[in-house]
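Here are the chains, one letter per residue:
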Amino acid sequence: MPSENSPNPDQGDAEVRRVGPLGRMMLISRILGLFRDILLTTLLGAGATADALRAALRIPVMLRDMLSEGALSAAFSPAYRQQQQAADPEASQRFAQAALGSILTLSLTLLALLAWQAETIIEIFVPGLNGDAVASWLRLLLPYLALVPFMAVFRGLLHCHRRDAQALKPQIFQNLALLASGSLMLAMGVSDSERAQGWIWAFLGGALLGVLGMLRDISRHTPIPWPSLRWKVAGHGRFLRDFGALLLSQILIQSYSLIAFRLLSELQEGSVTWFETAFRFHFFPIALIGVSSGIVAADESADLLSRGQPRQLSRMLTRNQRLTAFVGGLAGAGLLATAALVIQSFFVHGEFTETDGLKTSAILSWYCLAIPFAALNVGLQRTAITLGLRKAVLGITLLGLVLQTFILFGGFIEVSTDLIAQSYVISAIFTWLALQGLIRRSLTLPRLRWSQGLKLIVLMLIVHQGAHYWIEGLSTSTPEFAGRTALILGTAIMLGVLLATWVGRRLKMVEVESMWEVFRAASRSQKKR
């Protein structure tokens, strides 16, 4: 085993290249998700049925985010990596079976509870909506919770075996199923209620196809772990502790959505749809860079810690965070400049009116400010858990929720969709500052350089202003023609990338080359290792 101090010039490039293929699959999934959201707004607009369906979907999707994309995926890797280093070659398999068995037990318990008390839960969280419709559709969605543990553990296994791109296939299958079903319903002209139920069945069918696809991928790299109730195996105790801390943290994070939905349900009709559309769209760049780099950071941290290389971990995390801040900051600046045009181009169709578009873009503009911080927080939180800082992460998350609650319920400003978005931005910034301080107490990281921060702020302003004035100029100087809006948006994005590259190189920001290395890695087919 090489010393942790031995030079490894290719290590940084390898980490960056690993983000590329993962980002490529994330991009495909998010583009399909974008078309899915466009299709749903076209089908149902921003009326009562749309709000009720989105509220019914929120609970199972939230539980999936907490288990499959949040708590379990971050807790699984450190314990599994540790078992891979064990002398017993079957240790990692036994651990995976125990982890799946325990999470499946939890998920089925939640399923039974939701089926029993659906009306009460809906009345608590969205009292202003059609409770009977929401509760009925929620019960239809509950079988999805039985699939979530399999998606979560299989995803963790694929990441640990460096098959990052394959771990995202279930989302792609689900989005394809929803697009096919939604297009068919749009052509058939069925009622809003039938469209909502058809959407739910497509949601479930796509998830099942995704799990079956993961089973095939898992079998090519490691034996398939089936659920086991034999939980007294090596690594399972650590996994449960990490998972418990992360789950509590994710519950606190997701509480923002529940609080927001409750407040929105009592505002103007359509508020839930405007909010959900803006929130999901702002997550597009966070998923591409924040989640992709966060997954890599957590897995590499677990690997380096299991091999006793804390200095390598510090260097890896520094590179990871600088790249995430660079790309996330530019993405936030660019989306802020193009928010109104993006919503108008993609969503103002069918039942979704121009007024709905203006309301949504106003909310999205606030969320753009949170993008770089939310993207950074993914990797910081997962790395902190890997370092064993469970209680501190939980405390920071709790303080973030308290801050949001104080803003929303303090009575200082009237509750509105804008205030709900602003509370999220403030909490994201606070969480980033707190996680930075926490990590620095455990790892020797370079000091934050104000010069680098100022360079990034200058570059973000240049990209934002360049894209803004480009859109404004073309919008007023070009005649109307088919595809005009798409052309303006596409050229504005290209201009932003060119400005970021040219000015970034003039400012001697090394992250420019890392960004392009990610692009090159994403454009190449993933080679077999």
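Residues numbered from 1 in each chain as written. Predicted model: local features only at pLDDT ≥ 70, side-chain atom pairs only at ≥ 80, totals over all residues. Heavy atoms only, no water.

## Points about the overall build of the protein chain
1) Next: Scanning the protein chain from N- to C-terminus turns up 18 helices and zero strands.
2) Next: For a compact globule of 529 residues, the expected C-alpha radius of gyration is about 24 Å, and the protein chain comes in at 23 Å, within 12% of that figure.
3) Next: Its C-alpha atoms give the protein chain principal-axis dimensions of roughly 65 × 60 × 50 Å.
4) Next: By the burial criterion, 57% of the 529 residues in the protein chain qualify as buried.
5) Next: In the form shown here, the protein chain has an accessible surface area of approximately 22600 Å², with 64% of it arising from carbon and sulfur atoms. (Helix = DSSP H or I, 4+ residues; strand = E, 2+ residues; numbered from the N terminus. Rg over C-alpha atoms; globule rule 2.2 N^0.38 Å. Buried < 20%, exposed > 50% of the residue type's maximum accessible area, 1.4 Å probe, protein only. Areas by Shrake-Rupley, 256 points an atom, 1.4 Å probe, with all protein chains shown as cover.)

## Thoughts on the nonpolar core
1) Next: Counting residues in each nonpolar core, the largest one holds 153 residues, and the members touching the most others are Leu 53, Phe 76, Trp 199, Phe 239, Phe 275, Phe 326 and Tyr 367.
2) Next: With 15 residues, helix α2 (residues 48-84) is the largest single contributor of residues to this core.
3) Next: Aside from chain neighbours lying at most four places away, what touches Tyr 367 is Tyr 256, Phe 275, Ala 278, Phe 279, His 282, Ala 421 and Tyr 424. (Core = buried A, V, L, I, M, F, W, Y, C linked by side-chain atoms within 4.5 Å. Contact = heavy atoms within 4.5 Å.)

## With respect to the pattern of salt bridges
1) Next: Evaluation of the coordinates by the stated rule reveals nine salt bridges.
2) Next: A salt bridge links Arg 58 to Glu 276; the shortest N-O distance between them is 3.5 Å. Taken together, the residues span a long stretch of sequence, with Arg 58 in helix α2 and Glu 276 in helix α10 (residues 271-306) at a distance of 218 residues. Like Glu 276, Arg 58 is buried.
3) Next: One salt bridge connects Arg 484 with Glu 480, and the closest N-O pair in it is separated by 3.3 Å.
4) Next: By relative accessible area, Arg 484 is classed as buried at 10%.
5) Next: Connected through shared salt-bridge partners, Arg 36, Asp 37, Arg 58, Glu 276 and Arg 280 make up one network. (Salt bridge = Lys/Arg side-chain N within 4 Å of Asp/Glu carboxyl O.)

## Overview of a nonpolar patch on the surface
1) Next: Together, Phe 173, Leu 208, Leu 209 and Leu 212 make up an exposed nonpolar region whose accessible area comes to about 360 Å².
2) Next: With three residues, helix α8 (residues 192-219) is the largest single contributor of residues to the nonpolar patch.
3) Next: Within the element layout of this structure, Leu 212 appears in helix α8.
4) Next: Classification of Leu 212 by relative accessible area gives partly exposed; the value is 48%. (Patch = residues over 30% accessible without salt bridge, like charges linked within 9 Å, V, L, I, M, F, W, Y side chains within 5 Å.)

## Some details on the side chain of Thr 431
1) Next: Tracing the chain through its elements places Thr 431 in helix α15 (residues 417-442).
2) Next: Owing to a relative accessible area of 15%, Thr 431 belongs among the buried residues under this scheme.
3) Next: Apart from the residues within four sequence positions on either side, Thr 431 is in contact with Asn 377 and Ile 396.

## Side note on the packing of helix α9 (residues 236-265) against α15
1) Next: Contact pair α9 / α15: the axes reach a minimum separation of 10 Å and the direction vectors enclose 170°. By the angle class used here, α9 and α15 are roughly antiparallel. Here Tyr 256, Ala 260, Leu 263 and Leu 264 of α9 lie close against α15, whose contacting residues are Thr 417, Ile 420, Ala 421, Ser 423 and Tyr 424. (Axes fitted to C-alpha atoms, helices over the stretch in contact; angles between N-to-C directions. Parallel < 35°, antiparallel > 145°, perpendicular 65-115°, else oblique.)

## Quick word on the packing of aromatic side chains
1) Next: What the rule picks out here adds up to 21 aromatic pairs.
2) Next: Geometrically, the ring pair formed by Tyr 256 and Phe 275 is tilted, given 6.3 Å between the ring centres and 55° between the ring planes. Of this pair, Tyr 256 sits in helix α9 while Phe 275 sits in helix α10, placing them 19 residues apart in sequence.
3) Next: Judged by its relative accessible area of 1%, Phe 275 is buried.
4) Next: The interplanar angle of 85° and the centroid separation of 6.2 Å between the aromatic rings of Phe 261 and Phe 275 together place this pair among those described as edge-to-face. Remark: Phe 275 occurs in helix α10 and Phe 261 occurs in helix α9; sequence separation between them is 14 residues. Each member of the pair, Phe 261 together with Phe 275, is buried.
5) Next: Taken together, the aromatic side chains of Tyr 256, Phe 261, Phe 275, Phe 279, Tyr 367 and Tyr 424 make up a single cluster linked through ring pairs. (Phe/Tyr/Trp six-rings, centres within 6.5 Å; stacked < 30°, edge-to-face > 60°.)

## Some details on the environment of Gly 131
1) Next: Among the secondary structure elements, Gly 131 is positioned in helix α5 (residues 131-141).
2) Next: When its relative accessible area of 27% is taken as the criterion, Gly 131 is described as partly exposed.
3) Next: The sequence separation of Gly 131 and Ala 52 amounts to 79 residues, and the corresponding C-alpha distance is 8.0 Å.

## Observations concerning unusual backbone geometry
1) Next: Positioned with a positive phi, Lys 508 is a non-glycine residue whose angle comes to about 60°.
2) Next: Mapping Lys 508 onto the fold places it in the loop between α17 (484-506) and α18 (511-523).
3) Next: Residue Lys 508 is classed as exposed on the basis of its relative accessible area of 70%.

## Observations regarding helix α6 (residues 144-160)
1) Next: When the terminal C-alpha atoms of α6 are compared, their 25 Å separation across 17 residues agrees well with the 24 Å that a helix rising 1.5 Å per residue should span.
2) Next: Where burial is concerned, most of α6 is hidden: 16 out of the 17 residues are buried.
3) Next: Positive phi shows up at Arg 162, right after α6, with a value of about 65°. (Expected span 1.5 Å × (residues − 1).)

## Concerning the environment of Thr 478
1) Next: Positionally, Thr 478 belongs in the loop between α16 (450-477) and α17.
2) Next: For Thr 478, a relative accessible area of 26% translates into the label partly exposed.
3) Next: Residues Thr 478 and Gln 83, 395 residues apart in the sequence, show an inter-C-alpha distance of 62 Å.
4) Next: Leaving out residues up to four positions away in the same chain, Thr 478 has contacts with Arg 484 and Ile 488.
5) Next: A polar contact of 2.5 Å, which involves the side chain of Thr 478, links it to the backbone oxygen of Leu 474.
6) Next: For Thr 478, the side chain forms a polar contact with the side chain of Arg 484, separated by 3.0 Å. (Polar contact = N/O pair within 3.5 Å; in protein donor to acceptor, adjacent residues only side chain to side chain.)

## Section: the packing of helix α4 (residues 118-125) against α5
When two helices pack together, their arrangement is given by the angle between the helix axes and the distance between those axes.
1) Next: At a closest axis distance of 9 Å, the pairing of α4 and α5 adopts a crossing angle of 125°. As far as their axial angle goes, α5 and α4 are oblique. As for how α4 packs across α5, the hand of that crossing is right-handed. Where α4 abuts α5, its residues Ala 118, Glu 119 and Ile 122 lie against Gly 131, Val 134, Ala 135, Leu 138 and Arg 139.
2) Next: In the contact of α4 with α5, the residues fall into five nonpolar, one polar and two charged. (Left-handed = near helix turned anticlockwise from the far one by under 90°. Nonpolar A, V, L, I, M, F, W, Y, C, P; charged D, E, K, R; others polar.)

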